[in-house]
Amino acid sequence: MDDQTALCAHQLTAQINLLEALTQLLDDELEALASRNGDNLKEIARTKLTTLNQLQKLDKDLSKYPQATFSHEEITPLTKQVKGLLQRCKKQNDVNAQAAHQAQLTVRELKDILIGAPTSMTYGQDGSVVSNMGELVKNLKA
């Protein structure tokens, strides 16, 4: 293996390590979303940003290699692993985005119920959905 191929392999290995760290961060992010832990979400977001910046720098460095370098037998499995991890990260990111959206909708609906928004809905004694026209907070003097 020549020096250029060895350096490329080293950078790909570093990229794999960062993608594995990002995968873990995305798993942690989903847990934080599920538990509605805002402080943890902020910390994860900062760490994700740092990791993504490092990945972009490595990707830029790797783009400088001639395409032939990536066809070496030592490099091919590493690039395949990078692509697989990247796909996993994209899929998990989509799941997290959907979970964040659902959490946001839930919070908005709860807020509407609490402030008695005209479009909010509550449940009747029999469990049926009852449209609320501001009756929940009509007699509040706050």
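Structure shown above.
The structure presented is a predicted model; accordingly, all values stated were derived computationally and were not measured.

**Student:** Describe the overall build of the chain, and please don't skip the residues or the numbers.
**Tutor:** The secondary structure content of the chain amounts to 3 helices and 2 strands. Secondary structure elements of the chain occur, N-terminal to C-terminal, as α-α-α-β-β. Within the chain, buried positions represent 29% of all 142 residues. The contacts of the chain with a sequence gap of at least 6 include a subset with a gap of at least 24, amounting to 62%. Taken as a whole, the chain presents about 10,000 Å² of accessible surface, with 55% of it coming from carbon and sulfur.

**Student:** Which residues make up the pattern of salt bridges, and what values go with them?
**Tutor:** Per the stated rule, a full pass over the model turns up 4 salt bridges. A salt bridge links K57 to D61, with the nearest nitrogen and oxygen atoms 3.3 Å apart. Residue K57 and its partner D61 are located together in helix α2 (residues 38-62), separated by 4 residues, close to a single helical turn. Judged by its relative accessible area of 21%, D61 falls in the partly exposed class.

What counts as what
Residues numbered from 1 in each chain as written. Predicted model: local features only at pLDDT ≥ 70, side-chain atom pairs only at ≥ 80, totals over all residues. Heavy atoms only, no water. Helix = DSSP H or I, 4+ residues; strand = E, 2+ residues; numbered from the N terminus. Buried < 20%, exposed > 50% of the residue type's maximum accessible area, 1.4 Å probe, protein only. Contact = heavy atoms within 4.5 Å. Areas by Shrake-Rupley, 256 points an atom, 1.4 Å probe, with all protein chains shown as cover. Salt bridge = Lys/Arg side-chain N within 4 Å of Asp/Glu carboxyl O.

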